[in-house]
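# Architecture and fold: a report
Below are the chains, spelled out letter by letter.
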Amino acid sequence: MRPSRVLELKLDLEKMTATRVWSFTHPSKLSSMCCGGIQIVDNGKGRPQTVLIGWGNGGPFFTEVTHEDRPRIVREFEGLAAHQPLLHHWEGSSTERPRLLLCSDANMQAVEGSRSTVGLQDWTIHFSFNGVTGISKWRLYVGNDSDVSLQRPLIERTKTAFEEIITLQELVDSMAAKNVTPTGDSNATFTDLYVRVVPVKRGGELLRPSKALKVPMAVSSPSAQPVPCSCYQPDIGRREHMDRPKSGAGSAVVDMAAVNECAELCMTSDTCETFFFFEDTGECELDETRDKKRGGLHSLKGVISGRRNCLEDMR
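## Focus on the overall build of the protein chain
Counting its secondary structure elements, the protein chain contains three helices and 20 strands. The proportion of buried residues among the 315 residues of the protein chain is 40%. Considering only intrachain contacts with a sequence separation of at least 6, the fraction spanning at least 24 residues in the protein chain is 62%. Counting only carbon and sulfur atoms, one obtains 49% of the accessible surface of the protein chain, whose full area is about 18100 Å².

Shown next, in the form of structure tokens:
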């Protein structure tokens, strides 16, 4: 089969002729039986056009190339098949809050019969705002209760990825550098810290702040057993959870100690396969039935879940 190609033709309807103006053949010489499509992409004033190519059932989801005599690939996306992918300007927003989580992927395997200690540098705070575009930076605030003041940010950082990550050590070091204590009293001691983040859009618009993340500062003790970061399923519940009664405004706090306790209950249960922690009520549900026997998982705000087999594999 001959390789598939994209052709741009100039038609002369009086002479009934077609003249090739531009063409592109994929370097891999791929062939498609049908269903391809193209889009000429206007990239704005002063920027050259590109061509978005969909290969149908015979190649990548799309290939974007320069519209010049010797085309070069700008980007390519694998994994799907489509008739005609289209590229358009899109701006996403959300009525929800940014998501905050605390976790650790430090090695928790037994060392000479005992757990290894997880220090502050091993714990990480993750924050993101799913579906929201145009965020240029994040501001992070700390306090000694859930009503964290949003007057002075402790940390301000440029957004570099979908999910931003800082370590607890970085957080504590920043507090020390700025002589910040959650209570406002430099001689006070504390066992819990509350963290909130605020996304900032280009132009300076402040978006909705996150809930307060309750960070137990005893996490560096040997007895602290974290849920590995890769085992969390934030905002994932079951379809039947969508019918749960709503509890008014819900909790303003994400209590990570309570989430970890829920995960531990699942680990010590003989039958638990998945744990579900409901932020609005603090309820912990241990699911003893496999996904295929129930309604399956579903996107659902305010639920943190995790699979027991993941916890076992990571510990």
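Here the narrative resumes.
## A short note on a nonpolar patch on the surface
Among the surface-exposed residues, L7, L9, L11 and L13 lie close enough to one another that they form a single nonpolar patch of about 410 Å² accessible area. Topologically, L9 is positioned in strand β1 (residues 5–12). Residue L9 is classed as partly exposed on the basis of its relative accessible area of 46%.

## Remarks on the pattern of salt bridges
The tally for this structure, following the rule as stated, stands at 14 salt bridges. K201 is paired through a salt bridge with E91; the nearest N and O atoms lie 2.9 Å apart. Linking K201 in strand β14 (residues 192–201) with E91 in the loop between β6 (73–77) and β7 (99–104), this pair joins segments that are 110 residues apart in sequence. A salt bridge links E283 to R244; the nearest nitrogen and oxygen atoms lie 2.7 Å apart. Here R244 lies in the loop between β16 (233–238) and β17 (253–255) and E283 lies in strand β19 (residues 283–287), a separation of 39 residues in the sequence. Residue class for R244 comes out buried when judged on its relative accessible area of 18%. Shared partners join several salt bridges into a network, and the residues in it are R99, K211, D235 and E279.

## Considering unusual backbone geometry
A positive phi angle is found at M16, which is not glycine, with a value near 60 degrees. Position of M16 among the secondary structure elements: in the loop between β1 and β2 (17–25). If you check the backbone angles, N179 has positive phi at about 55 degrees while not being a glycine. Residue position: N179 is located in the loop between α1 (168–177) and β14. N179 gets classed as exposed once you look at its relative accessible area, which sits at 62%.

## So, the layout of surface pockets
In this structure, the second largest pocket occupies an estimated 270 Å³ of space. V41, N43, R47, T50 and E64 are the residues nearest the centre of the second largest pocket, which is lined by 15 residues in total. Contributing elements (two or more residues each) for the lining of the second largest pocket: β3 (37–41), β5 (62–66) and β6. When its residues are assigned to classes, the lining of the second largest pocket shows five nonpolar, five polar and five charged.

## Let's talk about the side chain of S32
Assignment of secondary structure puts S32 in the loop between β2 and β3. Among the polar contacts made by the side chain of S32, one reaches the side chain of N57 at a distance of 3.1 Å. Leave out the neighbours within four places in its chain, and S32 touches S4, W55, G56, N57 and G58.

## Describing α1
Taken residue by residue, α1 has L168, L171, S174 and M175 as its buried positions. The arc enclosing the buried residues of α1, seen along the axis, measures out at 125 degrees, which places them on a common side. Turned more than 90 degrees away from the buried face of α1, the exposed residues are A176 and A177. In the segment just after α1, N179 is the residue with positive phi, at about 55 degrees.

## A closer look at the confidence of the model for the protein chain
For the protein chain, per-residue confidence averages 84 on the pLDDT scale, and 85% of positions sit at 70 or higher. Low confidence marks residues 108–116, where pLDDT is under 50. Its contacts with residues over four positions away, or in another chain, come to 16 contacts. Confidence over residues 184–189 falls short of pLDDT 50; this stretch has three contacts with residues more than four positions distant or in other chains.

## As for the environment of P153
By the secondary structure assignment, P153 is in the loop between β11 (135–143) and β12 (155–158). Sequence spacing of P153 and L140 is 13 residues, and the spatial spacing of their C-alpha atoms is 5.4 Å. In this view, P153 contacts R139, L140, Y141 and K178; residues no more than four positions away in its chain are not counted.

## Details of the sheet that holds β16
Remark on secondary structure: sheet strands pair via backbone hydrogen bonds, oriented parallel or antiparallel. The antiparallel open sheet is built from four strands, whose spatial order is β16-β20-β18-β19. Each edge of the open sheet carries a strand with a single partner, namely β16 and β19. Direction aside, the axes of adjacent strands within the sheet are offset by 50 degrees on average. Pairing of strand β18 (residues 274–278) with strand β20 (residues 297–307), which is carried by five bridges, proceeds in the antiparallel orientation. Across the sheet, the residue bridging to F277 is I304, located in β20. Packed onto the sheet, helix α2 (residues 256–268) meets β18, β19 and β20 and runs at close to 155 degrees relative to β18.

What counts as what
Residues numbered from 1 in each chain as written. Predicted model: local features only at pLDDT ≥ 70, side-chain atom pairs only at ≥ 80, totals over all residues. Heavy atoms only, no water. Helix = DSSP H or I, 4+ residues; strand = E, 2+ residues; numbered from the N terminus. Buried < 20%, exposed > 50% of the residue type's maximum accessible area, 1.4 Å probe, protein only. Contact = heavy atoms within 4.5 Å. Areas by Shrake-Rupley, 256 points an atom, 1.4 Å probe, with all protein chains shown as cover. Patch = residues over 30% accessible without salt bridge, like charges linked within 9 Å, V, L, I, M, F, W, Y side chains within 5 Å. Salt bridge = Lys/Arg side-chain N within 4 Å of Asp/Glu carboxyl O. 1 Å grid on protein atoms, 1.4 Å probe; cavity = no way out; pocket = protein on both sides within 12 Å on 5 of 7 lines; lining within 4 Å. Points joined across faces, edges and corners; volume = space filled by probe spheres on them. Nonpolar A, V, L, I, M, F, W, Y, C, P; charged D, E, K, R; others polar. Polar contact = N/O pair within 3.5 Å; in protein donor to acceptor, adjacent residues only side chain to side chain. Arc of directions from axis to C-beta. pLDDT = per-residue confidence, 0-100. Pairing = 2+ DSSP bridges. Axes fitted to C-alpha atoms, helices over the stretch in contact; angles between N-to-C directions.

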